[in-house]
Amino acid sequence: MVDNGGSWPVTGRFAVDAVLFTKLGGVLSVLVVKRAKEPFRTAVALPGGFVEPGERAADAAVRELAEEAGIVVRRDRLRRLGCYRRPGRDPRGQVVSVAYHGYVSGAPPVVGGSDACAARWLAVAELQSADIRVAFDHRDIVSDAVFRRFGWRPSVLRS
Ligand SMILES: O=P(O)(O)OC[C@H]1O[C@@H](O)[C@H](O)[C@@H]1O
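Criteria and cut-off values
Residues numbered from 1 in each chain as written. Predicted model: local features only at pLDDT ≥ 70, side-chain atom pairs only at ≥ 80, totals over all residues. Heavy atoms only, no water. Buried < 20%, exposed > 50% of the residue type's maximum accessible area, 1.4 Å probe, protein only. Helix = DSSP H or I, 4+ residues; strand = E, 2+ residues; numbered from the N terminus. Pairing = 2+ DSSP bridges. Near = heavy atom within 4 Å. Polar contact = N/O pair within 3.5 Å; in protein donor to acceptor, adjacent residues only side chain to side chain. Areas by Shrake-Rupley, 256 points an atom, 1.4 Å probe, with all protein chains shown as cover. 1 Å grid on protein atoms, 1.4 Å probe; cavity = no way out; pocket = protein on both sides within 12 Å on 5 of 7 lines; lining within 4 Å. Sits in = over half its atoms within 2 Å of the grid points.

Asks: How would you explain the pairing of strand β2 (residues 27-35) if you had to name every residue and give the values?
Replies: For β2, the tally of buried residues reaches seven of nine residues, placing the bulk of the element in the interior. Remark: two residues form the turn of the hairpin made by strand β1 (residues 13-24) and β2, two consecutive strands paired antiparallel; G25 in that turn has positive phi of roughly 60 degrees. Relative to strand β7 (residues 116-123), β2 runs antiparallel, the two being bridged by seven bridges. Bridge assignment links L31 to a residue of β7, and that residue is W121. Bridging between β2 and strand β3 (residues 44-45) involves two bridges; their strand directions are antiparallel. In the sheet register, K34 faces β3, and the bridge partner there is V44.

Asks: With reference to specific residues and values, describe the site of the ligand.
Replies: With respect to spatial proximity, 14 residues lie near the ligand, and among them D17, R35, R89, D90 and R92 are the closest. K37 is positioned such that a nitrogen or oxygen atom in its side chain is 3.3 Å from an oxygen atom of the ligand. Between the ligand and R92, the relevant distance is 2.8 Å, taken from an oxygen atom to a side-chain nitrogen or oxygen of the residue. Taking 360 Å² as the accessible area of the ligand by itself, protein coverage stands at 97%. Under a 2 Å grid-point criterion requiring more than half of the atoms, the pocket assigned to the ligand is the second largest pocket. Put simply, the parts of the chain that give the shell around the ligand at least two residues each are β4 (48-50) and β6 (95-103). It is β4 that contributes the most residues to the shell around the ligand, three residues altogether.

Shown next as structure tokens:
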């Protein structure tokens, strides 16, 4: 632990999220987990978590993908999407999340672990349905990732 002399305010925590795409039956899909704990217990979320002391953000994204979804993705297959810092995005307090995006072919098998009780590939269009409870600002993150990668923006479907 670095002694900051008490002069640096501790204002928040640093997290990562991973948007991993595939095509499943020709349909653009994204890897999601079901949260096993609060906040947003049982909601759909992106694989993600807090960055450990001394850990690089991209390595944390790779680690969370493995821990929460049982999928091994090389760091150089992930691209940085951006920083998500809107106040209130996490009910626990100020959490800044760096999001990454990537693509894997063939919808490899995934399995929930760690903070996730399940993992699956979910059609992007389905994730945008208002009927699905999505944790944090993860629906917006997926929308931004689709736009960055494919150049179109999925619209939220109201039932
Ligand atoms: O999954 P835990 O460890 O509870 O918290 C990490 C999550 O907290 C959120 O702000 C981030 O978007 C990230 O997904």
